[in-house]
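Inside the fold
Listed below are the residues making up each chain.
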Amino acid sequence: MNYILFLLLTLPVFAQAPKKAPAPVKAPPAEKLLQLSDRARGSVQSGVSWDAELISVEEGEKSSRKFNVKVLGDNALVEITEPARNMGEKFLFNDLVMWFHKPSLRKPVSVSSRQRNSGQAANGDIANTRYARDYKGKVIGKEKVEGQDAWVLLLEAKSKDVTYDKIKYWITDKNFLGVKAEFQTLQGKPFKRATYKYGNVIAVKGKKQPFVSEMVITDAEFPENKSTMTYKTPKEENLSAGIFNVNNLSR
């Protein structure tokens, strides 16, 4: 009788024993996340091109530029198509080396990817799409960004020639898209922030994949100062390696 009573008294305790918490989800390697996210921002092995418009607002003043961008591997060629006073100006990216040429120059000149192009957008923001190449990353957490689960990465520049020293970067865990960035100084202080949208679709080797449609860069201290880049007509294109030769810029 006492044994039966003991079982009856202890049964609820056993029934209510806590379940083991689910094991935490292991983050993919940071380098793999960057490689996957880079694809939707123009980093594909085959040639790709798109048109872009950059609208900047600085201290209430509005300006606009339009570009044609061609990318092949580690090389990129950016040509300004509007406004008329800047038409024909070109930026050439040969890996981490960047050149600038305009019709009035006899030879291309070396420029920095960190130099401002217009508003909050630096030269490197126009076509530098290879974070996996340029930065060493580590996953530091996971957060919600506009309702989406995203891995949070901290990126540190591998070279002083890249656009930013440090980047805090959010990549969605569902489709591996970089949706948010915080650009930081060497000391880790944010000075610009960016958000990304992916309303475009591009077919690469017959397979469709998302492609960036908008990037908005804002000043961390004065968010009313911002630059909005819209991306149009992205397509896979058979590009000649010769157009990325610095000696051909002035021809």
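Residues numbered from 1 in each chain as written. Predicted model: local features only at pLDDT ≥ 70, side-chain atom pairs only at ≥ 80, totals over all residues. Heavy atoms only, no water.

**Remarks on the overall build of the protein chain**
Applied cut-off: The secondary structure listing takes helices from DSSP runs of H or I that are at least 4 residues long and strands from runs of E that are at least 2 residues long, numbered from the N terminus. In this treatment the radius of gyration is a C-alpha quantity, and the globule benchmark scales as 2.2 Å times the residue count to the 0.38 power. To sort residues, take the accessible area from a 1.4 Å probe on protein chains only and compare it with the maximum for the residue type: under 20% means buried, over 50% means exposed, and anything in between is partly exposed. Should any heavy atoms of two residues lie within 4.5 Å, those residues are considered in contact.
Of regular secondary structure, the protein chain possesses four helices and 17 strands. The C-alpha radius of gyration of the protein chain comes to 24 Å, more than 25% above the 18 Å expected for a compact globule of 251 residues. With respect to the three principal axes, the spread of C-alpha positions in the protein chain is 105 × 45 × 30 Å. Across the 251 residues of the protein chain, 44% fall into the buried class. Once local pairs closer than 6 in sequence are excluded, the contacts in the protein chain between residues at least 24 apart make up 48%.

**Considerations on the pairing of strand E14 (residues 200-204)**
For clarity, the threshold we go by: In this description, strands pair whenever DSSP reports at least two bridges between them.
What you see with E14 is a clean split: Asn200, Ile202 and Val204 sit on the buried side and Val201 and Ala203 on the side with no burial. As judged from the five bridges shared by E14 and strand E15 (residues 207-211), these two strands associate in the antiparallel manner. When the bridges of E15 are listed, Ala203 appears paired with Lys208. Joining the antiparallel neighbours E14 and E15 is a turn of two residues, in which Lys205 adopts a positive phi near 55°.

**Quick look at the layout of surface pockets**
Quick note on the threshold: Cavity and pocket criteria rest on a 1 Å grid covering protein atoms alone: a 1.4 Å probe that fits but cannot get out defines a cavity, protein on both sides within 12 Å along at least 5 of 7 lines defines an open pocket, and an atom within 4 Å of a point defines a lining residue. Grid points are joined across faces, edges and corners, and a volume is the space filled by probe spheres set on the points. Classification convention: Asp, Glu, Lys, Arg as charged; Ala, Val, Leu, Ile, Met, Phe, Trp, Tyr, Cys, Pro as nonpolar; all other residues, Gly among them, as polar.
What the largest pocket holds in volume is close to 320 Å³. Considering the residues around the largest pocket, the lining is formed by 16 residues, among which Arg39, Ser43, Val44, Gln45 and Gln209 are closest to the centre. Mapped onto the lining of the largest pocket, the elements with two or more residues apiece are helix H2 (30-39), helix H4 (131-134) and E15. Tallied by class, the residues present in the lining of the largest pocket amount to four nonpolar, five polar and seven charged. Taken as a whole, the second largest pocket spans an internal volume of roughly 220 Å³. Lining the second largest pocket are 14 residues, and of these Glu146, Val179, Thr195, Tyr196 and Lys197 lie nearest its centre. Secondary-structure elements contributing two or more residues to the lining of the second largest pocket are strand E12 (178-184), strand E13 (190-197) and strand E16 (214-219). If you tally residues by element for the lining of the second largest pocket, the top one is E13, at three residues.

Such coordinate-based values are descriptive only and should not be taken to indicate function.
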